[in-house]
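# Descriptive analysis of the structure
Spelled out, the chains give:
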Amino acid sequence: RAKSLGRNRMVIFDSAMDAALQERQQLELELRNAIRDDCFNIVYQPQVCRVTGRIAGVEALARWTRPDGRPVEPSLFITIAEEAGIVSELDALVLRQACREASGWHELVLAVNVSPQELRTPHYAKLVRDVLAESGLPPQRLRLEITETALLEDKTMVAYTVRELSRLGVRFTLDDFGTGYSSLDHLRTLQLEGMKIDRSFVADLGREPESITLITSIIALGHALGLSVTAEGVETKQQLALLRAAGCDEFQGYLFGHPVSAEELRRRLRLPRAA
Ligand code: C2E
Ligand code: MG
Ligand code: MG
Ligand code: MG
């Protein structure tokens, strides 16, 4: 009896696996088509400067809706794209469109996410140079957000790319700081301009007493290394007050604005249209 029950379970398990696998393959197929047809929307989220209290920059975030109209979580489609080895193409589309849209936005800094895979490809520096040239965005206004996982493998290649682009004036920020592995070594050896404290630390502010000590130490570490420190996921005034007191340089989060379309951003900030 136990045996037959076991076998039945196996059957149910198999078909659930099958459905999940099929759904996943379907998503990957649709994602490939979306990359081929350049079907992504980009939304922009403000980054606010502590000193001026004004919006100093925006982070470009990719959005994707399936052909049937259902939106897909960015963390999901980015993961699928990474696993399928097609995230570089996706990142390049986002970079190109964001640079084109942001080129006319006065002094606003444009932050774009770059995947581990892409940063390791030898021609990435050339891609960025080309996109900057064709969009007219000054290199000083581009900030590339790299995740720590990007740095785990092939550090030499990553360091080369960072060096090449830094010479042009492009700046690099370590994203989601505190969630990766060998952060301290990377902060020391790479030519970075800033770090972003992961929003999980910010979420704990005001909830966990020791979180203030932790954030203050992270900020002090960043400053000691000459980095500008941005907090992501700032949602409440209390979090903002604590981050301010701790000396954080820049803030990003729903308290200042959700990510919005280029159109909406222009309206809010009274920015001109891209040329
Ligand atoms: P990220 O780079 O850390 O981006 C910040 C994420 O936090 C965004 O999620 C943003 O919508 C969300 N967020 C901003 N403020 C708040 C807040 O106050 N509270 C909360 N709870 N969340 C907030 P999103 O857009 O879902 O993106 C998730 C991740 O997907 C990004 O994390 C980034 O790593 C990745 N991603 C998005 N677009 C791209 C892209 O074009 N290329 C690559 N490689 N990765 C991308
Ligand atoms: Mg980011
Ligand atoms: Mg982040
Ligand atoms: Mg994050």
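The sections below set out a description of the structure shown in this document. (Residues numbered from 1 in each chain as written. Chains lettered and ligands numbered in written order. Predicted model: local features only at pLDDT ≥ 70, side-chain atom pairs only at ≥ 80, totals over all residues. Heavy atoms only, no water.)

Here we come to the site of ligand 1. Contacts to ligand 1 come from 22 residues, most closely from Arg63, Asp91, Arg199, Glu235 and Tyr254. Here Gln45 contributes a side-chain N or O atom positioned 2.9 Å from a nitrogen atom of ligand 1. Note that an oxygen atom of ligand 1 is positioned 3.3 Å from one of the side-chain N or O atoms of Glu232. Compared with its free state, where it exposes 800 Å², ligand 1 has 86% of that area covered by protein. Those elements giving two or more residues to the shell around ligand 1 turn out to be β2 (55-65), α2 (74-84), α3 (87-102) and β6 (171-177). By residue number, the principal contributor to the shell around ligand 1 is β2, which donates 4 residues. Residues of the shell around ligand 1, tallied by class, amount to 8 nonpolar, 5 polar and 9 charged. (Near = heavy atom within 4 Å. Polar contact = N/O pair within 3.5 Å; in protein donor to acceptor, adjacent residues only side chain to side chain. Areas by Shrake-Rupley, 256 points an atom, 1.4 Å probe, with all protein chains shown as cover. Helix = DSSP H or I, 4+ residues; strand = E, 2+ residues; numbered from the N terminus. Nonpolar A, V, L, I, M, F, W, Y, C, P; charged D, E, K, R; others polar.)

A few words now on the pairing of strand β4 (residues 109-114). β4 sits mainly inside the fold: 5 of its 6 residues count as buried. Taken together, the 4 bridges between β2 and β4 define a ladder with parallel strand orientation. Of the residues in β4, the one forming a bridge with Val58 is Leu110. Bridge count between β4 and strand β5 (residues 142-147): 5 bridges; the pairing is parallel. Bridged to Asn113 within β5 is Glu145. (Buried < 20%, exposed > 50% of the residue type's maximum accessible area, 1.4 Å probe, protein only. Pairing = 2+ DSSP bridges.)

What follows covers the coordination of the magnesium ion (ligand 3). The protein atoms donating to the magnesium ion (ligand 3) are Asp175 (OD), Asp176 (OD) and Glu232 (OE), with metal-donor distances spanning 1.9 to 2.4 Å. Ordering the donors of the magnesium ion (ligand 3) by residue number gives the pattern D-D-x55-E. Separating the magnesium ion (ligand 3) from the magnesium ion (ligand 2) is a gap of 3.7 Å, which Asp175 spans by donating to each of them. Residue Asp176 is located in strand β6, and its partner Glu232 is located in the loop between β8 (228-231) and α10 (237-245); the two are separated by 56 residues in the primary sequence. Accessibility expressed as a relative area gives 22% for Asp176, which makes it partly exposed. (Donors = N, O, S within 2.8 Å, 3.2 Å for Na, K, Ca; no water.)

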